[in-house]
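One letter stands for each residue in the lines below.
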Amino acid sequence: MASNDMTSNETAKHGPGGAGTGAHGAGPDIDQETLLQHEKDTLTHTPVHLMELEAVGKHYGNIIALTEVTMAVDMGRVTCVLGDNGAGKSTLIKIIAGLHQHDEGTFKIMGEERRLGSPREALDAGIAAVYQDLAVVGLMPIWRNFFLGSEITIGRGPFRRLDVKRMKEVTKSELAQMGIDLRDVEQPVGQLSGGERQCVAIARAVHFGAKALILDEPTAALGVKQSGVVLRYILQARDRGLGVIFITHNPHHAYPVGDRFLLLKRGKSIGYYDKKDITLEELTAQMAGGAELAELAHELEAMGGHGELVDQVQAEVAETTGQTPR
Amino acid sequence: MTTLIKPPPALDERVGRRSMVANLLGRPEIGALVGAIVLFIFFSIVAPVFLQANSFATVLYGSSTIGIMAVGVALLMIGGEFDLSAGVAVISSALTASLFSWYFSTNVWIGVGLALVVSLTIGFVNGWILMKTKLPSFIVTLATFLMLTGLNLALTRLIGGSVATPSIATMDGFASAQAVFSNDFIIAGVDIKSPVFIWIILVAITSWLLLRTRVGNWIFAVGGDANAARAVGVPVRWTKIGLFMGVGFCGWVLGMHNLFAFDAVQSGEGIGNEFLYIIAAVIGGCLLTGGYGSAIGGAIGAFIFGMANKGIVYAQWNPDWFKFFLGLMLLLATIVNLIVKRRADSK
Ligand SMILES: Nc1ncnc2c1ncn2[C@@H]1O[C@H](COP(=O)(O)OP(=O)(O)O)[C@@H](O)[C@H]1O
Ligand SMILES: [Mg+2]
C-alpha cells in the first residue's frame, strides 16, 4: 500500500533524533510509543512535521478570508483550530484538503512544499477530510459510501466489477474496530444519526491509510452524548498514529482532545499554543474575548434587557475571566 | 490496517428480518412494476387482441423506441442531470448519416460512423458546457435543443433542398446497415424487430454497470451529492460528461433505426420526445433530484408507454386518449413510488 511507503520515507527524514517516530499507523502496538513521544515533543523541536503551514493566506476575489496563518500537524497529535463563524476555519482546511489553493505563504507536507490541485491529490498525499457540510452521500448505502472513490474491484478490462461481498465485510469490520456498531451496511447513510455519519466518514479515512485526518466542526450539530462519541473517535484516530486537525468553535470540545491550539479571528491567527502553555479557562477567554462579553452584558442591562439573559452573560464573563459576578 | 478483526457474523437484533417482499418493495422500480402489471391486466380485459404474440411484439417494438433512449436518460437522471436535447439529437444523428452519405455518395457505413461521432460530440458538448459554466442542465440543454432544432431544419434544406432527406436506399452498405438497425427476426412465427433486442441488451449492460462497477457507484454519487463525491476523489466532471455522451450513444442507436426503418428522415421530427424519455425514467423510479433510480425502472417505464400507446389502438379507442393515459400513469407510478419508499424506509 502506498501509505506504507510514505511512512517509511518519513522515518528516514526524521533522522537520528526522531528514533522510530515514523513507524506509526501500522498497528495498535505503536500506541505506547506515540504517547511517549507526546511528552517529549514541543512545538518547535520536531524535525519534520507531517504538515506545516507558514504565513498562509487566501482571498476570494476582494474578500480576504485568511492571512498569515502558521501551524503544524504531527502524527499521533491533535491540532485544534478554534474560531467563531466566519473566522476562516473552513477556508484553512479547504486549502489543506485540496479544494482551494492558497495565495500566500508556504504549505509543506513531509517537509516538501506543495500546492494541492484537487481532493484526489490530497488523498494521494494521505490527507483525508471530513467536511461539516459534505461528508457522505445520503441516498447511498453505508458500504458504497465507505468505499466511494476507492472501490475494490475484481476481474479485468471490461469485466472489472465491484467486489461487493468483500466491501461489505470490510465496512462492517472496520466500523466495528472503531467501536461503531451499525445495524446493516445496506442502510442508506441518510438514515444514520449525525454522529454515526461523522463516524462512518472518520472510519473511512482511517481505513484508507490517511496519515492526516481533518474534521470540520464534526460536533457542531450534535448533542452532548453524540459529541462525546465523536471526540472518542478523534482520540482513537490519534492513537492509531494519525495526525488530526480538529476544527471547532467550542473550547470545551477542543481542550480535552487537543495537543495544540490555533485560534483564528477574522481570518487572522490570534494565538497558537501547546497544551502545556494554556489552560481551558485561558482558551475560553481568548475565544470569547472576555472584554467584549463584559461590554455585551452592560449593553443588555442598559437596554433594560431580560434579567435572565444578562445574568447568563455575566456568569459567562465570570467564567472566562475567573472573577466572581457582582 | 492489515489485520482485520472479523466481527461475529451476527444478525443484528435491531434489524428486523426483512422478507423478500420487503426487499422487493425497497427497489426504485416497484411503482412502475405495479403500474405495468395493472395496465397489462387492464388491456388484456378490454382488448383481448392485446394478448396475441404478434400484438405483444408490436407493443415491445413501440416500447423499445422509447426504451433505448430511456436507458441513457435514466442513467443521466440518476447522475443528477436532464437532457432536453435528447429528442432532436436523435434526428440530428439520423440526418448526419443520411445527408453525408448522400452528398458525398459514400458507403452509408461511413455516414453511420460519422453520425456516432456527432452524437457523442453533442453529448460531450452538453456535459462540458454544464461542468464549465455550472449552469443548470435544464438551461444548457434547452439551448442545445433549440440550436439542434434549427440546425436540423436549416442544414437539411441547405444540403438536400427539402424538409426531408433524399432516399439513400440504393446506396452501398444500405442493406447491411438495415440488417443491423432495422431487421425483422421471425421467432416462432412472431416478427420481432431488432431495436427490441438492442434495447434488452442495453438495459442488461447498464444495469450491470450501475450496480456492479465503480462507474455505477460514481453515477449514484454525483447525482446524490456531487460535492461529497468530489471530496472523496470521484471524477465528477468526467462522470457527468460521460453520462451525456451515453445519452448521445443511445440517440445514435435510435437515430440509425429511424433512418434504416425507412430510407429518409424528416428534419422536423423528434421535438417533444425528450419528455417521453424523461417520463419513462421518472415512472421507472428515477428521482428528479438525482442519486436514485435504476436502468430496469426506465425500461419498465418505456414498456408502460408502449402498452398504453398500442393498447389504446387495440381497444379501438380514439388515440386522443393516449396522452391522458400517459399523464395518469406518470402520476400514479410516482405516487406509488413515494408511498412505497416512505413505508420501506420507516420499517
Ligand atoms: N467561496 C467563497 N467565496 C467568497 N467568500 C468566501 C467563500 N468561502 C468563505 N468565504 C468568506 O471567508 C470568510 C471565512 O469563511 P469560512 O472559512 O467558511 O469560516 P468558518 O468556517 O470559520 O466559519 C467568511 O467571511 C466567508 O464569508
Ligand atoms: Mg465552517
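Relevant structure appears above.
Everything numeric here is computed off the predicted structure, so don't read it as measured data.

Scoring rules and cut-offs
Residues numbered from 1 in each chain as written. Chains lettered and ligands numbered in written order. Predicted model: local features only at pLDDT ≥ 70, side-chain atom pairs only at ≥ 80, totals over all residues. Heavy atoms only, no water. Helix = DSSP H or I, 4+ residues; strand = E, 2+ residues; numbered from the N terminus. Buried < 20%, exposed > 50% of the residue type's maximum accessible area, 1.4 Å probe, protein only. Near = heavy atom within 4 Å. Polar contact = N/O pair within 3.5 Å; in protein donor to acceptor, adjacent residues only side chain to side chain. Areas by Shrake-Rupley, 256 points an atom, 1.4 Å probe, with all protein chains shown as cover. Contact = heavy atoms within 4.5 Å. Buried area = accessible area lost by both parts, 1.4 Å probe. Salt bridge = Lys/Arg side-chain N within 4 Å of Asp/Glu carboxyl O. Nonpolar A, V, L, I, M, F, W, Y, C, P; charged D, E, K, R; others polar. Patch = residues over 30% accessible without salt bridge, like charges linked within 9 Å, V, L, I, M, F, W, Y side chains within 5 Å. Lys, Arg positive; Asp, Glu negative; His and termini not counted. Charge placed at Lys NZ, Arg CZ, Asp CG, Glu CD.

A separate point is the environment of Ala-53 of chain B. Relative to the elements of secondary structure, Ala-53 of chain B occurs in helix 3 (residues 53-78). For Ala-53 of chain B, a relative accessible area of 44% translates into the label partly exposed.

Residue and element names in this part refer to chain A. Surveying the vicinity of ligand 1 reveals the residues Tyr-60, Ile-63, Ala-65, Asp-84, Asn-85, Gly-86, Ala-87, Gly-88, Lys-89, Ser-90 and Thr-91. A distance of 2.7 Å is found between an oxygen atom of ligand 1 and a backbone nitrogen or oxygen belonging to Gly-86. The separation between an oxygen atom of ligand 1 and a polar main-chain atom of Lys-89 is 2.8 Å. In the complex, the protein chains occlude 61% of the 560 Å² of accessible area that ligand 1 would expose alone. For the shell around ligand 1, the secondary structure elements donating two or more residues are strand 2 (63-73) and helix 3 (89-96).

So, about the interface of chain A and chain B. In this complex, chain A contributes 41 residues to the contact, which on the side of chain B involves 34 residues. Of all residues in chain A, the largest losses of buried area upon contact with chain B belong to Leu-139, Arg-144 and Arg-183 of chain A, amounting jointly to 17% of the total for that side. Scanning the region where chain A abuts chain B turns up one salt bridge. The tally of links from chain A across to chain B stands at seven residue pairs in polar contact (both at pLDDT 80 or more). Those elements giving two or more residues to the side of chain A that touches chain B turn out to be helix 4 (119-124), strand 8 (161-162), helix 6 (164-177) and helix 7 (194-207) of chain A. Looking at the side of chain A that touches chain B, the element that brings in the most residues is helix 6 of chain A, giving eight residues. Within the side of chain A that touches chain B, the residues separate by chemical class into 20 nonpolar, nine polar and twelve charged.

This part covers a positive patch on the surface. All names here are of chain B. Residues Lys-132, Lys-134, Arg-230 and Arg-237 make up a contiguous surface patch of positive charge. Assignment of secondary structure puts Arg-230 in helix 10 (residues 226-231). Residue Arg-230 is classed as partly exposed on the basis of its relative accessible area of 35%.

Read these as layout, nothing more, since geometry by itself doesn't imply function.
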